[in-house]
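# Topology and contacts: notes
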Amino acid sequence: MGSEALPHPAPRRAREQQYAEVRARIAGLLDGEDDWTAAMATVACELHHAFSAWHWTGFYRAVTDELLVIGPYQGGHGCLRIPFSAGVCGAAARERATQLVPDVHAFPGHIACSSSTLSEIVVPVLRPDGSVLAVLDVDSDHPAAFDGLDQEHLEAICAELGARFAAERP
Ligand code: SME
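Residues numbered from 1 in each chain as written. Predicted model: local features only at pLDDT ≥ 70, side-chain atom pairs only at ≥ 80, totals over all residues. Heavy atoms only, no water.

## Describing the packing of helix α1 (residues 12–29) against helix α2 (residues 36–48)
Packing of α1 against α2 leaves a shortest axis separation of 10 Å and a crossing angle of 155°. When the axes of α1 and α2 are compared, the pair comes out roughly antiparallel. The two elements α1 and α2 cross, and the hand of that crossing is right-handed. For the pair α1 and α2, the contacting residues are Y19, V22, R25, I26 and L29 in the first and T42, V43, E46 and L47 in the second. (Axes fitted to C-alpha atoms, helices over the stretch in contact; angles between N-to-C directions. Helix = DSSP H or I, 4+ residues; strand = E, 2+ residues; numbered from the N terminus. Parallel < 35°, antiparallel > 145°, perpendicular 65-115°, else oblique. Left-handed = near helix turned anticlockwise from the far one by under 90°. Contact = heavy atoms within 4.5 Å.)

## Thoughts on the site of the ligand
With respect to spatial proximity, the complete set of residues near the ligand consists of W56, Y60, I82, G87, V88, C89, H110, I111, C113, E120, D137 and D139. V88 is positioned such that a nitrogen or oxygen atom in its backbone is 3.0 Å from an oxygen atom of the ligand. One of the backbone nitrogen or oxygen atoms of I111 is found 2.7 Å away from a nitrogen atom of the ligand. Its free accessible area being 310 Å², the ligand has 100% of it covered by the protein chains. (Near = heavy atom within 4 Å. Polar contact = N/O pair within 3.5 Å; in protein donor to acceptor, adjacent residues only side chain to side chain. Areas by Shrake-Rupley, 256 points an atom, 1.4 Å probe, with all protein chains shown as cover.)

## A look at the sheet that holds strand β5 (residues 119–126)
Pairing in this open sheet of 6 strands is antiparallel, and the strands run β3-β2-β1-β6-β5-β4 from one edge to the other. Of all the strands in the sheet, the pair left with one neighbour each is β3 (81–83) and β4 (99–101). Neighbour-to-neighbour, the strand axes of the sheet open up by a mean angle of 20°, direction not taken into account. Here β4 runs beside β5; their pairing, made up of 3 bridges, is antiparallel. What sits directly across from Q99, in β5, is V122. Those strands touched by α2 are β1 (54–62), β2 (67–75), β5 and β6 (132–140), and its axis lies near 160° from that of β1. (Pairing = 2+ DSSP bridges.)

Structure (structure tokens):
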């Protein structure tokens, strides 16, 4: 971690700058790195500590085409296994699409690993062939903490990971 966590809420320009800095830091830390676990751990750590509103940041790995198993994360303990049929993470994996959830209590089947979670974003990590490698899950205890800016940057990070680690298999 090389910078202070951005307070919440923050002006868009400050959020853009924070994303630029954290993405540059991730790129530097992962330069030449070919280990998938190390990459997930680094991305989870750097993202988590960049935004003060994020209380859980981590990956779930697609170990079959129906099951997600927890990977590297930051925050309180997360549930270990999530079928593609369940939760916000399962929806992201099943639909291969980002789930931007301003109010988790309005999301049918939301899985509450923490009772304090109020909003969430889950981004699929897709290989170039479209298959699911993992999902990146971020939770906040603030309502509507995520928007299109977060989706844009997190999708870009996940697309880079999906391309770089496409050969990873369960
Ligand atoms: N909220 C997620 C479960 C993962 S815990 O929040 C870390 C879901 O509904 O899939």
